[in-house]
Amino acid sequence: MKMPPLRTLLGPLGLAAAIGAGGCRPAGDAGAGTPTLEHGRYLAENIGMCVDCHTPMGPHGPMMERHLMGARIVFEPTVPVPDWIAIAPPIAGGFPGWSREQLVQFLETGVNPDGKQARPPMPHFRFNHTDAEAVADYLVSLKPQY
Ligand code: HEC
C-alpha cells in the first residue's frame, strides 16, 4: 500500500493539538480536565444511589434537609447476611477521618484505608478514577449542619 505523504497525516493531527491546547472549553467549565461537581452529584444520586441508604427516609421519601448525613437502613435481607449493618454513616462533607484521596481510593477499589471492605449492604464500588474523584469532590463540597 502506498503511504500518504507525511505532511497529509500531520496536518489534521497538528490542528487537533492546536485546538486541544487552546481555550475551546465551554464557558463555566472551571479547571481544565477536572471532573465537575455536577457530574459527581449525578453519579452519587443517580448511579451510586448513595441517598437510598445514607439519607434518612421520612414519610415522603429521603429527608433532603439531612442529605447524606447518615441513616438507619430501612430494609432487611430475606436471608441472613453475615456482617449486615443497618447503619449507614454520614458522608456529607466527606467521610469523617478520611482524606479526599482515601475516599477516592475506596470508591475506586471498594477497599477502605484499613485494607477492608465495607460491610453489607454498602456496595463495593469500582468507579473509574475520574468518576471516583467526581463523587469524592461532590461529597466533600457538601457543607452539612450536623
Ligand atoms: C444499599 C445501601 C448503601 C448504598 C446504596 C451506599 N451505601 Fe455507603 N454505606 C452503607 C452502609 C450500611 C455502610 C456501613 C458499612 C460499614 O460500617 O462497614 C456504608 C459505608 C460507607 C462508607 C464508609 C466505609 C467504611 O469502610 O467505613 C462510605 C465512604 C460510603 N458508604 C460511601 C457511599 C457512597 C459515596 C455511596 C454512593 C456512591 C454509597 N455509600 C452508597 C450503605 C450504602
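Criteria and cut-off values
- Residues numbered from 1 in each chain as written.
- Predicted model: local features only at pLDDT ≥ 70, side-chain atom pairs only at ≥ 80, totals over all residues.
- Heavy atoms only, no water.
- Near = heavy atom within 4 Å.
- Polar contact = N/O pair within 3.5 Å; in protein donor to acceptor, adjacent residues only side chain to side chain.
- Helix = DSSP H or I, 4+ residues; strand = E, 2+ residues; numbered from the N terminus.
- Nonpolar A, V, L, I, M, F, W, Y, C, P; charged D, E, K, R; others polar.
- Donors = N, O, S within 2.8 Å, 3.2 Å for Na, K, Ca; no water.
- Tetrahedral: all angles 85-135°; square planar, octahedral: opposite > 155°, others 65-115°.
- Buried < 20%, exposed > 50% of the residue type's maximum accessible area, 1.4 Å probe, protein only.
- Phe/Tyr/Trp six-rings, centres within 6.5 Å; stacked < 30°, edge-to-face > 60°.

A.B. asks: Explain the site of the ligand here, please?
C.D. replies: Taken together, 24 residues form the shell around the ligand, and within it Cys-50, Cys-53, His-54, Asn-112 and Met-122 come nearest. For the ligand, a nitrogen atom lies 2.8 Å from a polar atom in the side chain of His-54. Between Asn-112 and the ligand, the recorded distance is 2.8 Å, taken from a side-chain N or O atom to an oxygen atom. Breaking the shell around the ligand down by element, the ones donating at least two residues are α3 (50–54), β4 (87–88) and α4 (100–109). Looking at the shell around the ligand residue by residue, the class counts come to 20 nonpolar, 3 polar and 1 charged.

A.B. asks: I keep staring at the coordination of the iron atom of the ligand and nothing clicks. Help me out?
C.D. replies: Working reference: metal with six octahedral donors, ideal angles 90 or 180 degrees; metal with four tetrahedral donors, ideal angle 109.5 degrees. Here the iron atom of the ligand is held by the protein donor atoms His-54 (NE2) and Met-122 (SD), which lie 2.0 to 2.1 Å from it. Taken together, the 6 donor atoms coordinating the iron atom of the ligand span angles of 87 to 179 degrees at the metal, a pattern that classifies the geometry as octahedral. With His-54 in helix α3 and Met-122 in the loop between α4 and α5 (129–141), this pair connects stretches of sequence that are 68 residues apart. For Met-122, a relative accessible area of 22% corresponds to the partly exposed category.

A.B. asks: Can you walk me through the packing of aromatic side chains in this structure?
C.D. replies: How two aromatic rings sit relative to each other is given by the distance of their centres and the angle of their planes. Scanning the entire structure with this criterion turns up 4 aromatic pairs. Here the aromatic rings of Phe-95 and Trp-98 are separated by 4.4 Å at their centres, their planes lie at 65 degrees, and the arrangement is edge-to-face. You can call Phe-95 partly exposed: its relative accessible area is 23%. By way of ring pairs, the aromatic residues Phe-95, Trp-98 and Phe-106 are connected into one cluster.

Everything listed is a geometric property; what it means functionally is a separate question.
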